[in-house]
Amino acid sequence: MKIAISGKGGVGKTTIMALLAQELKKNGNDVLVIDADPSPHMAETLGVKKPEEIRPIADMTKLLVERSGKTEGSPMYNMNPEVNDLLVDFMLEHDGMKLMILGAIQTGDKGCACPESNVLRRMLTKLLLSEDQVVLLDMEAGVEHLGRGTIAGIDHLLIVVIPSKSSIRTALKVKKLAEDVKIPKISFVGNLVTDEEDKIFLEEGLGTPPIAFFPNSQAIRKAERQEIPITTLKDAAGSAPSILLQKIMG
Ligand SMILES: Nc1ncnc2c1ncn2[C@@H]1O[C@H](COP(=O)(O)OP(=O)(O)OP(=O)(O)O)[C@@H](O)[C@H]1O
Ligand SMILES: [Mg+2]
């Protein structure tokens, strides 16, 4: 299964994805987390000590461009040899999970991250997964990058939303774009939800209830300030991660 996470900036995408990764691992799944944010933050969130040692997928792009002899920026190079073999060089094993980083965006003429987006899209559409393998894709905030088709090949898109008007607006835009590119399953996940009123506000604003609600967690805030990986916390978000897992696997 391939799951991506999206939503407005700072709503908790990386945090929720890290908690979901941990929950999937506990469930016995083989987890590959791909940080596709141009300002990657997942490695730190998971407590990877030297994230700079992970070879970014952007490197793979260069490699492929060099091999195929085509100019960088051309969207037409081929993903050869087989994708799965190539990937091993770009993965780091940490705490029983695998992590990949898309890497820095090389700004072309139009400021487009096309080579990276293409390689990611190819990877996602060509990756062959077994039953218990799950790919989690942490993405850049907002909607702009969705137009590049980076989420093609995703089975389930989680849209993180906090109880605010602007967050709901972004979430609805993301949903619309995801529907346009025919993502089979799209769900909202509430974050920083403190009470019943927040839940109702979200449900009414979105027109459908989120599949899980994450609390505003003192433990998560503290961990971030002290640079403690949230995956080492016990019960940082109560039952929310396990409810999210159940709904996803449902
Ligand atoms: N449920 C929560 N309770 C308390 N703090 C939270 C919670 N979720 C996220 N945070 C905090 O909010 C901040 C933003 O979270 P995070 O980095 O996960 O958001 P993001 O959506 O991935 O941001 P970006 O758009 O920059 O990628 C972090 O400091 C994080 O620790
Ligand atoms: Mg993030």
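Residues numbered from 1 in each chain as written. Chains lettered and ligands numbered in written order. Predicted model: local features only at pLDDT ≥ 70, side-chain atom pairs only at ≥ 80, totals over all residues. Heavy atoms only, no water.

**A word on a positive patch on the surface**
Then, in step 1: Taken together, the side chains of K8, K165, R169 and K173 make up a positively charged region of the molecular surface.
Then, in step 2: Its place among the elements puts K173 in helix 6 (residues 165-180).
Then, in step 3: Since its relative accessible area comes to 53%, K173 is described here as exposed. (Patch = residues over 30% accessible without salt bridge, like charges linked within 9 Å, V, L, I, M, F, W, Y side chains within 5 Å. Areas by Shrake-Rupley, 256 points an atom, 1.4 Å probe, with all protein chains shown as cover. Salt bridge = Lys/Arg side-chain N within 4 Å of Asp/Glu carboxyl O. Lys, Arg positive; Asp, Glu negative; His and termini not counted. Charge placed at Lys NZ, Arg CZ, Asp CG, Glu CD. Helix = DSSP H or I, 4+ residues; strand = E, 2+ residues; numbered from the N terminus. Buried < 20%, exposed > 50% of the residue type's maximum accessible area, 1.4 Å probe, protein only.)

**With respect to the site of ligand 1**
Then, in step 1: In the vicinity of ligand 1, 17 residues are found, and the nearest of them are K13, T14, T15, P215 and S217.
Then, in step 2: Within the side chain of T14, one N or O atom sits 2.8 Å away from an oxygen atom of ligand 1.
Then, in step 3: In this structure, T15 approaches ligand 1 through a side-chain N or O atom, which is 2.5 Å from an oxygen atom.
Then, in step 4: Against a free-state accessible area of 630 Å², the protein chains account for coverage of 79% of ligand 1.
Then, in step 5: One can see that ligand 1 is located within the largest pocket.
Then, in step 6: Listing elements by their share of the shell around ligand 1, those giving two or more residues are helix 1 (13-26), strand 7 (185-193) and helix 8 (218-225). (Near = heavy atom within 4 Å. Polar contact = N/O pair within 3.5 Å; in protein donor to acceptor, adjacent residues only side chain to side chain. 1 Å grid on protein atoms, 1.4 Å probe; cavity = no way out; pocket = protein on both sides within 12 Å on 5 of 7 lines; lining within 4 Å. Sits in = over half its atoms within 2 Å of the grid points.)

**Overview of a negative patch on the surface**
Then, in step 1: Taken together, E44, E52, E53, E224 and E227 make up a surface patch of like negative charges.
Then, in step 2: Secondary-structure assignment places E44 in helix 2 (residues 42-46).

**Quick word on the packing of helix 6 against helix 7 (residues 196-206)**
Then, in step 1: Axis separation between helix 6 and helix 7 bottoms out at 10 Å; the angle between their running directions is 40 degrees. Taken together, the axes of helix 6 and helix 7 lie oblique to each other. At the point where helix 6 passes helix 7, the crossing takes the right-handed sense. Contacts between helix 6 and helix 7 involve K165, I168, A171 and L172 from the former and F201, L202, G205 and L206 from the latter.
Then, in step 2: For the contact of helix 6 with helix 7, the class distribution of residues is 6 nonpolar, 1 polar and 1 charged. (Axes fitted to C-alpha atoms, helices over the stretch in contact; angles between N-to-C directions. Parallel < 35°, antiparallel > 145°, perpendicular 65-115°, else oblique. Left-handed = near helix turned anticlockwise from the far one by under 90°. Contact = heavy atoms within 4.5 Å. Nonpolar A, V, L, I, M, F, W, Y, C, P; charged D, E, K, R; others polar.)

**Examining the nonpolar core**
Then, in step 1: The biggest cluster of nonpolar side chains holds 39 residues, and the ones touching the most others in it are L99, L136, L158, F214 and L244.
Then, in step 2: A per-element tally of this core places helix 1 first, with 7 residues.
Then, in step 3: Listed in part, the 33 residues of the second largest apolar core include A36, I57, M100 and I154. (Core = buried A, V, L, I, M, F, W, Y, C linked by side-chain atoms within 4.5 Å.)

**Points about the confidence of the model for the chain**
Should the pLDDT be low somewhere, the predicted coordinates at that spot are not to be read in detail.
Then, in step 1: Across the chain, the average pLDDT comes to 86, with 84% of residues at 70 or higher.
Then, in step 2: Between residues 69-81, whose pLDDT stays under 50, and residues either more than four places distant or in other chains, the model counts 31 contacts. (pLDDT = per-residue confidence, 0-100.)

**Notes on the sheet that holds strand 8 (residues 212-215)**
Then, in step 1: Overall, mixed pairing links the 8 strands, which are arranged 3-4-2-5-1-6-7-8 in an open sheet. Looking along the sheet, the strands with just one partner apiece sit at the ends: strand 3 (92-94) and strand 8. Neighbouring strand axes in the sheet, compared pairwise and without regard to direction, differ in orientation by 25 degrees on average.
Then, in step 2: In the sheet, strand 6 (residues 156-161) pairs with strand 7 via 6 bridges, with the strands oriented parallel. Within strand 7, the residue paired with L158 across the bridge is S187.
Then, in step 3: Across the sheet, helix 7 is in contact with strand 6, strand 7 and strand 8; its angle to strand 7 comes to roughly 150 degrees.
Then, in step 4: Those strands touched by helix 9 (residues 240-249) are strand 1 (2-7), strand 5 (133-138), strand 6, strand 7 and strand 8, and its axis lies near 160 degrees from that of strand 8. (Pairing = 2+ DSSP bridges.)

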